[in-house]
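# Analysis of the macromolecular model
The primary structure of each chain is shown beneath.
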Amino acid sequence: MAALYVPSDRRPDVEPEHVFHGVGLGVVQLSKGICEDAHEAYQRTSADTSAHGLYGLGKGVVANSAWLACNIPLRAFDSLSTVVEGMRNTPDCLTDEVFGRPRGRYGVDKEAGRLLESRLGDPPSHIAGGLSDGFVALGTGLADGGYDLVCKPLEGNGACSMAVGAAKGLLGFTCKATGGVFDLTQAVVEGVGGTPNAMYGVAEDAASAGFEVATTCAQGVISSTDWLLDIAFGETASPPSTGPAPSQQSQREGDSSVSLP
């Protein structure tokens, strides 16, 4: 059986600028993904048919139809993740239109970035990974935001500077906490979408391993049966003789037949 196939383009190449752009990209991503997966299933079924005939055709139709059915929710939830990414970028789009200048990450950091910057890595392959990645990102965002909320007011010396620092701390906490919420939402959505595909992969690997074990056991049974049949009906070696060897016995008979002069 083929190994688990996970699409490499789970996130679009184009970053959605705002929520409406994310909706459009999500629809295109879903349609394109389903067409690519259907073509992949057809190719895999054709390969099984060429290799194993009618048996491969039946096996390919069943297995690849199940694989395609598992990939559809993955594509749908990844499209929903694209919409979430568009929602994340909407504040940046609005601030760019209003202020028209670069901004710091989370609105307070010196590094350039988004107001609701993501802390996620690659898309999780199942719900457990999504929950783990999401809660780690949320906890990190809350911790960093709490640090800004406490420490930013202490950076100034006068009352005015402390007020500006308090405003920055509140902005940093709001952006980082909200970014963590978006991270959790996006990670869970992607993890839920990838769970059926991951379960299919585990079932496929288990079936392949079980088939190999069954084949090995069957070969062992056949070998044992052949061995027992050889013992019961095959030619067996005669037990060793306790007397002298035939050549020695013939030589003694020849010596005894020689008459003395």
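The rules behind each value
- Residues numbered from 1 in each chain as written.
- Predicted model: local features only at pLDDT ≥ 70, side-chain atom pairs only at ≥ 80, totals over all residues.
- Heavy atoms only, no water.
- Helix = DSSP H or I, 4+ residues; strand = E, 2+ residues; numbered from the N terminus.
- Buried < 20%, exposed > 50% of the residue type's maximum accessible area, 1.4 Å probe, protein only.
- Contact = heavy atoms within 4.5 Å.
- Polar contact = N/O pair within 3.5 Å; in protein donor to acceptor, adjacent residues only side chain to side chain.
- Phe/Tyr/Trp six-rings, centres within 6.5 Å; stacked < 30°, edge-to-face > 60°.
- Lys NZ or Arg CZ within 6 Å of the ring centre and 35° of its normal.
- Expected span 1.5 Å × (residues − 1).
- pLDDT = per-residue confidence, 0-100.
- Core = buried A, V, L, I, M, F, W, Y, C linked by side-chain atoms within 4.5 Å.
- Salt bridge = Lys/Arg side-chain N within 4 Å of Asp/Glu carboxyl O.
- Bend = angle between axes of the 7 residues up to and from the residue.
- Patch = residues over 30% accessible without salt bridge, like charges linked within 9 Å, V, L, I, M, F, W, Y side chains within 5 Å.
- Areas by Shrake-Rupley, 256 points an atom, 1.4 Å probe, with all protein chains shown as cover.

## Re the overall build of the protein
- Regarding its fold elements, the protein presents four helices and zero strands.
- Each helix and strand of the protein, ordered N terminal to C terminal, gives the series α-α-α-α.
- Within the span of the protein, comprising 261 residues, buried residues form 30% of the whole.
- Contacts spanning at least 24 positions in sequence make up 74% of the contacts within the protein whose residues lie at least 6 apart.

## What to know about unusual backbone geometry
- With a phi close to 60°, Tyr-106 is a non-glycine residue in the positive phi region.
- Topologically, Tyr-106 is positioned in the loop between α1 (19-98) and α2 (127-151).

## Digging into the environment of Asp-48
- By secondary structure assignment, the location of Asp-48 is in helix α1.
- Looking at Asp-48, the relative accessible area reads 21%, which means it is partly exposed.
- On a C-alpha basis, the gap between Asp-48 and Gly-58 in space is 8.9 Å, while along the polypeptide they are ten residues apart.
- Setting aside chain neighbours within four positions, we find Asp-48 in contact with Gly-53, Gly-56, Gly-60 and Asn-64.

## Observations regarding the side chain of Asp-183
- Secondary-structure assignment places Asp-183 in helix α3 (residues 159-233).
- A distance of 3.1 Å separates the side chain of Asp-183 from the backbone nitrogen of Arg-119, its partner in a polar contact.
- Leaving out residues up to four positions away in the same chain, Asp-183 has contacts with Arg-88, Glu-117, Ser-118, Arg-119, Leu-120, Gly-134 and Ala-137.

## As for the packing of aromatic side chains
- On inspection of all chains with the given rule, the structure shows zero aromatic pairs.
- Here the basic side chain of Arg-44 rests over the ring of Trp-67, its NZ or CZ set 4.8 Å away from the ring centre.

## Notes on α2
- The end-to-end C-alpha separation of α2 is 36 Å, in line with the 36 Å expected for 25 residues at 1.5 Å each.
- Of all the positions in α2, only Gly-129, Gly-130, Gly-134, Ala-137, Leu-138, Gly-141, Gly-145 and Asp-148 are classed as buried.

## Describing the confidence of the model for the protein
- Taken as a whole, the protein shows an average pLDDT of 78; of its residues, 73% reach a score of 70 or greater.
- Taken as a whole, residues 235-243 scores under 50 in pLDDT and shows one contact with residues more than four places along the chain or in a different chain.
- Low pLDDT (under 50) marks residues 252-261, which in the prediction has zero contacts with non-local residues, meaning those over four places away or in another chain.

## Topic: the nonpolar core
- Ranked by size, the top nonpolar core spans seven residues in total: Val-84, Tyr-106, Val-108, Leu-115, Leu-116, Cys-175 and Phe-182.
- Beyond its immediate stretch of four places on either side in the chain, Tyr-106 contacts Arg-114, Leu-115, Leu-116, Glu-117, Arg-119, Leu-171, Gly-172, Cys-175 and Lys-176.

## Some words on the pattern of salt bridges
- A complete count under the given rule lists 13 salt bridges for this structure.
- For Lys-176, the salt bridge is made with Asp-148, and the minimal N-O distance between the two is 2.6 Å. Of the two residues, Lys-176 sits in helix α3 while Asp-148 sits in helix α2, which places them 28 residues apart along the sequence.
- Taken together, the shared-partner salt bridges connect Glu-15, Glu-85, Arg-88, Arg-114, Glu-117 and Asp-183 into one network.

## Details of the environment of Leu-171
- Tracing the backbone through its elements, the reader meets Leu-171 in helix α3.
- Classification of Leu-171 by relative accessible area gives partly exposed; the value is 38%.
- Along the backbone, Leu-171 and Leu-149 are 22 residues apart, and their C-alpha atoms lie at a distance of 8.3 Å.

## Things to note about the environment of Tyr-106
- Tyr-106 gets classed as buried once you look at its relative accessible area, which sits at 3%.
- Distance from Tyr-106 to Gly-145, taken between C-alpha atoms, is 9.5 Å for residues 39 residues apart in sequence.
- Among the polar contacts made by the side chain of Tyr-106, one reaches the main-chain carbonyl oxygen of Glu-117 at a distance of 3.3 Å.

## Some words on α1
- With 80 residues, α1 should cover 118 Å at 1.5 Å per step; its first-to-last C-alpha distance of 17 Å lies more than 12% under that length.
- Of all the bends in α1, the greatest, near 150°, is centred on His-52.

## Structural notes on a nonpolar patch on the surface
- Together, Leu-149, Val-150, Leu-154 and Leu-170 make up a nonpolar patch on the protein surface, roughly 400 Å² of accessible area in all.
- Inspection of the secondary structure puts Leu-149 in helix α2.
- A relative accessible area of 37% means that Leu-149 is categorised as partly exposed.

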